[in-house]
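# Residue-level structural notes
Here is how the chains run, residue by residue.
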Amino acid sequence: MSTDFDAVIVGAGFGGMYMLHRLRQKGFTARVIEAGKGVGGTWYWNRYPGARCDVESVQYSYQFSAELEQEWEWTERYATQPEILRYANHVADRFDLRRDIQFETRITAATFDEAANVWRVKTDKGDTVVARFVITAMGCLSSPNTPRIEGLADFKGPTYHTGNWPHEGVDFTGKTVGVIGTGSSAIQSIPIMAQQAKHLTVFQRTANYTVPAHNKPLDPAYVAKVKAHYPEMRKRAKTKPAGIDFVINMASAIETPEAERRRLFEERWAYGGLGFMASFSDLLLNDESNKIAADFVRSKIHEVVKDPKTAEILTPKNIIGCKRLCVDTGYWETFNRPNVTLVDISDEPIERITASGLRAKGQDYAFDCLVLATGFDAMTGALLKVDIRGRGGVALKDKWREGPKSYLGLTVVGFPNLFTITGPGSPSVLTNMLPSIEQHVDFIADCLEALRAKGVNVIEPVDEAQEAWVGQVGGFANITLRSTCSSWYVGANIPGKPRVFMPYIGGLPAYIAACETVVKNDYEGFALA
Ligand code: NAP
């Protein structure tokens, strides 16, 4: 059976772009199929006001090319979405990637042909592409979650989803705006929208923890220092569970005297960013330690927000770091503005969307525009939108009915020659995505090269290996507090989605070691045919 390409890569975000580059370097042919008009994935779609990465830009970047590292100039501590998108476009041009990317095309189905050992990949343009391998690079947070609230179609004004924002931007000047959701996307966009809008009404189901970003322009002397020592920084980052080079204080919060504890929290707070959760090593392992950190953040809200009732509604009651920690610029301060109202809907869901706004707790709220900052069907959503069928015509969505199962987060029993970059069961969303993506891509590219050298056509994980990996992913999840709340990590934000903690929480170093052992033992856990 002749094939069109060695591999079809789904998605031209950071995963898909680097996968294409690596496969080309190794002499494989590949076609990237991308729904958007341009590269960038997450950063192509998430154009809401205030969107920026909350991993520092010098770390949220590729490391496979020293020249790229040296020539690219990040301008801010946390890069904005437009800057990250410019970077993605620069990478596409620099490595001449576009000629193998088919834009504005969605994969609708992928079926493994067992007789020929090939994948037949169907697109929404009506064509079928045949390839030996399918490599998905569809992102973990790329399938927007539109809430199932009655009457959504009745709203007369425009409705925007933060995860699929109009490319021409939205000007809220003089408008009244309703926002549903208070996760990372809302926490970044609310302060900006509030500056523009005549009035902003925020509907909050769950209060969230956020730490200040303290974003600033990058000092050229700092950038020069980073550039002079990039390899060391990247190496250090790979020894950290999140793949980010920040210092983890190995002390326990409960064993540290109160004054010292406060000092350390204040220090991290003043520095800003996600490193706050590394103030002590046991914040996600021990209820008492977690409460100490949570109380510290709660006290900060009351210091900033003037109206005590509003401050109380904004104060999270759950475990800090259980839902993804947010990083903000002026979020709580925004609720001191006279044009911002917070509505607590924690005890009663929104009744319905109406033609002029929405109805909640027996009261009608009117606004011109509705913003859904309601997140994503995370980790499995994008994959399961495609009709992926493996051996015996079995659908991936049936295989994962009780929750996703994978080997290394990269492969699935019954789906030969399918690789899922940052799939469920990989560290992905708990880490700096860029180094995780590069690790996956290198593993896959090396694997394809090894198969070619051995004359092997088909690779597929075996049941025992997959079960053991699923056991490890679940086992690690149960050790931490992170699996204990209703977050998107466990699929709780999507009605009917099985409750399984999806990412691997053992940390990037342990994950890399596991992959290296698999390779060293000649692709242990896989059947090669
Ligand atoms: P999210 O964290 O899932 O937040 C969604 C929000 O919508 C939550 O407040 C949720 O309430 C609310 N919601 C959902 N359905 C609702 C309904 N039917 N009624 C009322 N409220 C509803 O989504 P996100 O803010 O888009 O962020 C998702 C992830 O993307 C983040 O955790 C982060 O990993 C990533 N992200 C990163 C950045 C960054 O790097 N700076 C920025 C944005 C996003 P509940 O909490 O009660 O479910």
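Because the structure is predicted, anything quoted here is derived from the model rather than measured.

Within the chain one finds 16 helices and 20 strands. Relative to a compact globule of 529 residues, whose C-alpha radius of gyration would be 24 Å, the chain shows 23 Å and is just as compact. Its C-alpha atoms put the chain at 70 × 55 × 45 Å along the principal axes. Taking all 529 residues of the chain together, the buried fraction comes to 58%. Total accessible area on the chain stands at roughly 21400 Å², and carbon and sulfur atoms take up 52% of it. Across the chain, the mean location of the 59 positive side-chain charges is 2 Å away from that of the 61 negative side-chain charges.

A word on the domain arrangement of the chain. Looking at the chain, the domain boundaries give domain 1 (5-143 + 377-528) and domain 2 (152-372). For domain 1 and domain 2, the distance between their C-alpha centroids amounts to 27 Å. Listed by partner, the interface residues are 46 residues for domain 1 and 48 residues for domain 2. Taken together, both faces of the contact between domain 1 and domain 2 bury some 4100 Å²; the carbon and sulfur share is 53%. Run the count over domain 1 and domain 2 and you get three salt bridges.

The next subject is the state of the cysteines. Disulfide: a covalent bond formed between the sulfur atoms of two cysteine residues. Enumeration according to the criterion identifies one disulfide in this entry. In this model, C322 is linked to C485 through a disulfide, with the two sulfur atoms separated by 2.3 Å. Linking C322 and C485, the disulfide has an S-S dihedral of approximately -115° and is accordingly described as left-handed. Taken together, the positions of C322 in the loop between α10 (308-314) and β11 (326-328) and C485 in the loop between α15 (463-479) and α16 (508-520) put the pair 163 residues apart, joining distant regions of the chain. For the pair shown, C322 and C485 are each scored as buried. Note on C53: no disulfide assigned, nearest cysteine sulfur contributed by C326 at a separation of 13 Å. Judged by its relative accessible area of 6%, C53 falls in the buried class.

Moving on, we get to helix α1 (residues 14-25). Helix length check: α1 (12 residues) gives 17 Å between terminal C-alpha atoms against 16 Å at 1.5 Å per residue, within 8%. For α1, the buried fraction is high: 10 of the 12 residues fall into the buried class. Along α1, the residues that are buried comprise F14, G15, G16, M17, Y18, M19, L20, H21, R22 and L23. Of the residues trailing α1, G27 is marked for its positive phi of about 85°.

A few words on the site of the ligand. The environment of the ligand is made up of 24 residues, and the closest members are R52, T182, S185, T206 and K323. At a separation of 2.5 Å, an oxygen atom of the ligand approaches a polar side-chain atom of K323. One nitrogen or oxygen atom from the main chain of A373 is found 3.2 Å from an oxygen atom belonging to the ligand. Within the complex, 88% of the 920 Å² of free accessible area of the ligand lies under protein. A total of three residues in the shell around the ligand trace back to one element, the largest contributor, which is helix α5 (residues 184-196). Its residues placed into classes, the shell around the ligand shows 10 nonpolar, nine polar and five charged. Two domains each donate at least three residues to the shell around the ligand, and these are domain 1 (5-143 + 377-528) and domain 2 (152-372).

The next point concerns the pattern of salt bridges. As enumerated under the stated definition, the model contains 38 salt bridges in all. For K26, the salt bridge identified is with D446, shortest N-O distance 3.2 Å. With K26 in the loop between α1 and β2 (30-33) and D446 in helix α14 (residues 433-454), this residue pair connects regions lying 420 residues apart in the sequence. Taking the relative accessible area as the measure of exposure, K26 reaches 14% and is therefore buried.

With parallel pairing, five strands are arranged side by side in an open sheet as β7-β16-β8-β9-β12. What marks the edges here is a single partner per strand, and that holds for β7 (159-161) and β12 (340-344). When the angles between neighbouring strand axes are averaged without regard to direction, this sheet yields 20°. Bridge count for β7 against strand β16 (residues 369-372) is three bridges, and the pairing is parallel. When the bridges of β16 are listed, H161 appears paired with L372.

Cut-offs used in this document
- Residues numbered from 1 in each chain as written.
- Predicted model: local features only at pLDDT ≥ 70, side-chain atom pairs only at ≥ 80, totals over all residues.
- Heavy atoms only, no water.
- Helix = DSSP H or I, 4+ residues; strand = E, 2+ residues; numbered from the N terminus.
- Rg over C-alpha atoms; globule rule 2.2 N^0.38 Å.
- Buried < 20%, exposed > 50% of the residue type's maximum accessible area, 1.4 Å probe, protein only.
- Areas by Shrake-Rupley, 256 points an atom, 1.4 Å probe, with all protein chains shown as cover.
- Lys, Arg positive; Asp, Glu negative; His and termini not counted.
- Charge placed at Lys NZ, Arg CZ, Asp CG, Glu CD.
- Domains from an automatic or database assignment.
- Contact = heavy atoms within 4.5 Å.
- Buried area = accessible area lost by both parts, 1.4 Å probe.
- Salt bridge = Lys/Arg side-chain N within 4 Å of Asp/Glu carboxyl O.
- Disulfide = S-S within 2.5 Å.
- Expected span 1.5 Å × (residues − 1).
- Near = heavy atom within 4 Å.
- Polar contact = N/O pair within 3.5 Å; in protein donor to acceptor, adjacent residues only side chain to side chain.
- Nonpolar A, V, L, I, M, F, W, Y, C, P; charged D, E, K, R; others polar.
- Pairing = 2+ DSSP bridges.
- Axes fitted to C-alpha atoms, helices over the stretch in contact; angles between N-to-C directions.

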